[in-house]
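Single-letter residue listing:
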Amino acid sequence: DGRELYALLHLSPESSDEEIRRAYRQFAQIYHPDKYQDAQMKDVATENFQRIRDAYEILSDENKRQIYDIYGMEGLNSGLELGPKLNKPEEIKRQLEELRRRKEEEKLFVHARSTGSILANISVPQYLDGDGIMGGMGMSSEIELPVSKQNTVTVGGNLVVDGTTGSGAATAVLCHQLSSVSSIDFMATAGLRSLIGVQTFRQISPNSTATSGIALSLRDGSVNLSNGWTRQLSEDTVGNIQLVLGTESNISVGWQKKDEKRSAAGEIKFGTNSFGASAHYTHRFSSKSHGRIAGRVGSTALDFEIGGGRRISEFSTVRMLYNIGIQRVSLGDLS
């Protein structure tokens, strides 16, 4: 409550500078470690002497004392510092509020998360046909920035070149936390599939969550509705169902299992114009390396993938994946 340091010196907050100096000299003599021979008593005296000295260093400094009187130890321990000497407590309080606001902004920036990847697609059949080994390249980047306790902004984009064609997209998402169990996302995407949409999330029980969304295409005006349900099946296994209604209506059922050493997932999807199934398994050999196998089968794809990756620094991972399909064999991935 802003009185602890005064209590250490047996003073009141209204004490004068002379009273503070006199009290410090008195208690410094009582608790000076050199006065005690017993080891235990010497340790106690050393601790008390340090507390008395710390209290005096704050209360004998005019600016520090004013900060302490207004904000207590929190104001002193927050790392805030005053510029020119100010005489009025109101001026000190105003500057402290400004410095605290900047401190909060710095904390938000520190919590920003950015990710990115570079993909190199190397085609062996294309190379054997004499057309060059590079089948295409792609890159993507995303940054997530908390702007307040309830709001987070995510901005991302990607560029892909495949042969002589290319595409790109930019996405922005604003996530607003409505409560501890629900949130709402506002999203917009510009590119070949420009759209705007809204998605809500809610935890409906300790083990179940539900999502619902709507997206409007800015190219043809079509509307897609989506609903998803996720349930915790066991300590490390999750199951989910996704239903999409619109120009590409489909329903999918999937599961994910993950622990410290391995993770696996599978999905079956049925749509109005397609169907398919996919699965993948990842094994972590150590904290830095992993292996992966995956497969897809359906009306639009039939391929098998095997590879792995290794963390080469705190923020970077290199992966190499071999993909074998009906029409071609390709490999690549640096992210």
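Keep in mind the model is a prediction, meaning the values are calculated, not measured. (Residues numbered from 1 in each chain as written. Predicted model: local features only at pLDDT ≥ 70, side-chain atom pairs only at ≥ 80, totals over all residues. Heavy atoms only, no water.)

**Student:** Teacher, can you tell me more about the nonpolar core here?
**Tutor:** Nonpolar side chains in soluble globular proteins generally cluster together in the buried interior. Among the nonpolar cores identified, the biggest contains 17 residues, and Leu5, Leu9, Leu11, Ile20, Ile52, Leu59 and Tyr68 are the most heavily contacted of them. Secondary-structure elements contributing two or more residues to this core are helix 1 (4–8), helix 2 (17–30) and helix 3 (39–59). Here the element with the most residues in this core is helix 3; it accounts for six residues. Contact partners of isoleucine 20, with chain neighbours within four places excluded, come to Leu9, Leu11, Ser15, Tyr56, Leu59 and Arg65. (Core = buried A, V, L, I, M, F, W, Y, C linked by side-chain atoms within 4.5 Å. Buried < 20%, exposed > 50% of the residue type's maximum accessible area, 1.4 Å probe, protein only. Helix = DSSP H or I, 4+ residues; strand = E, 2+ residues; numbered from the N terminus. Contact = heavy atoms within 4.5 Å.)

**Student:** What exactly am I supposed to notice about the pattern of salt bridges here?
**Tutor:** A pair can form between side chains of opposite charge whenever their charged atoms are brought close. If you walk through the whole model with that rule in mind, you get eight salt bridges. Two residues, arginine 25 and glutamate 18, come together in a salt bridge whose shortest N-O distance is 3.8 Å. By relative accessible area, arginine 25 is classed as partly exposed at 43%. Note that glutamate 305 and arginine 292 form a salt bridge whose closest N and O atoms lie 3.1 Å from each other. Here the residue glutamate 305 occupies a position in strand 14 (residues 302–311), and arginine 292 occupies one in strand 13 (residues 289–298), the gap between them amounting to 13 residues. Among the charged side chains, a network of salt bridges with common partners joins Glu18, Arg21, Arg22 and Arg25. (Salt bridge = Lys/Arg side-chain N within 4 Å of Asp/Glu carboxyl O.)

**Student:** So what exactly am I meant to see when it comes to the pairing of strand 2 (residues 134–146) here?
**Tutor:** In regular strands, side chains alternate between the two faces of the sheet. Pairing geometry for strand 1 (residues 113–123) and strand 2, over ten bridges, is antiparallel. The residue of strand 2 that forms the bridge with glycine 116 is serine 141. Here strand 2 pairs with strand 3 (residues 151–162) via eleven bridges, running antiparallel. By the bridge assignment, serine 141 is partnered in strand 3 with glycine 157. Between strand 2 and strand 3, which follow one another and run antiparallel, lie four residues. (Pairing = 2+ DSSP bridges.)

**Student:** Honestly, the pairing of strand 8 (residues 223–232) in this entry has me stumped. Any pointers?
**Tutor:** The pairing of strand 7 (residues 208–217) with strand 8 spans nine bridges and is antiparallel. Bridge pairing in strand 8 places serine 212 opposite asparagine 227. The antiparallel pairing of strand 7 with strand 8 creates a hairpin that spans five residues between the two strands, and glycine 221 there sits at a positive phi of about 75°. Pairing of strand 8 with strand 9 (residues 237–245) involves eight bridges; the strand directions are antiparallel. In the strand pairing of strand 9, glycine 228 is matched with glutamine 242. Count of turn residues in the strand 8/strand 9 antiparallel hairpin: four residues.

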